[in-house]
Amino acid sequence: MNARPPVLANPGRRLLAVVIDVVIAVVALSVLSAAIGLVVTLGRPADNSPFYLTLLAAVAMVFLYSPLLTAVCGGTVGKLICGLTVVRVADGRRLSYGTALARHLAHLGMWAVPVLSQLDALFCLWDRPYRQCLHDKAVGTLVLRTRMPAPSFQPPYPPVAAYPPVATNPPAGS
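Computed from a predicted structure; not experimentally measured.

The rules we used
- Residues numbered from 1 in each chain as written.
- Predicted model: local features only at pLDDT ≥ 70, side-chain atom pairs only at ≥ 80, totals over all residues.
- Heavy atoms only, no water.
- Helix = DSSP H or I, 4+ residues; strand = E, 2+ residues; numbered from the N terminus.
- Buried < 20%, exposed > 50% of the residue type's maximum accessible area, 1.4 Å probe, protein only.
- Contact = heavy atoms within 4.5 Å.
- 1 Å grid on protein atoms, 1.4 Å probe; cavity = no way out; pocket = protein on both sides within 12 Å on 5 of 7 lines; lining within 4 Å.
- Points joined across faces, edges and corners; volume = space filled by probe spheres on them.
- Nonpolar A, V, L, I, M, F, W, Y, C, P; charged D, E, K, R; others polar.
- Core = buried A, V, L, I, M, F, W, Y, C linked by side-chain atoms within 4.5 Å.

Draft legend 1. Inspection of the environment of Ala 100 at higher detail. Structurally, the position occupied by Ala 100 is in helix H4 (residues 97-111). We classify Ala 100 as buried; its relative accessible area is 3%. Along the chain, Ala 100 and Leu 69 lie 31 residues apart, while their C-alpha atoms are 8.8 Å from each other. Other than its neighbours up to four places away in sequence, Ala 100 contacts Pro 67, Thr 70, Ala 71 and Leu 95.

Draft legend 2. Focus on the layout of surface pockets. Considered as a void within the structure, the largest pocket measures approximately 700 Å³ in volume. Lining the largest pocket are 28 residues; nearest its centre among them are Val 18, Asp 21, Val 22, His 107 and Trp 111. Contributions of two or more residues to the lining of the largest pocket are made by helix H1 (11-43), helix H2 (49-73), H4 and helix H5 (114-126). Its residues placed into classes, the lining of the largest pocket shows 18 nonpolar, 5 polar and 5 charged.

Draft legend 3. A look at the nonpolar core. Membership of the largest hydrophobic core is limited to 10 residues, which are Ala 9, Ala 17, Ile 20, Ala 71, Cys 82, Leu 84, Val 86, Leu 95, Ala 100 and Val 143. At the level of secondary structure, the elements contributing two or more residues to this core comprise H1 and strand S2 (84-88). Beyond its immediate chain neighbours, meaning those up to four positions away, Leu 95 contacts Thr 70, Ala 71, Val 86, Val 87, Arg 88, Ala 100, Arg 103 and Thr 141.

This is the structure:
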């Protein structure tokens, strides 16, 4: 059986995957915050528990969304939509939860430092041979493209030019 060699993800697809994941996170936290706000408005709690519930949900997303999906499915929803997967450099296997969590925390840690966040994002543009960002290098991972573009479509019938011209009848009385 001939397996195709792995193809490295290009930076554009990686960026699109991050944008999709950020939109998902913002929408999820916004819906949760709105629901908690509704409960606060109707229930009138005397303490700050609604704020802490929203904070707990945000922390849960940090520890569950990216690391858990990367460990179980090979990538986040954004990566899967873009046809990308994250694997270990050493053997090409899927990441464990611990490695996926370390990768995600390295990514978040680099985003906390202004210059390092841009360097992390841009590093894959010139890194060779694996096009790794700094958070990939920190834990020994790389991102592969798993879904390839479909081959060009060839219609099952010949093009219109291959058919003979249609004869038209002259109008009556000419």
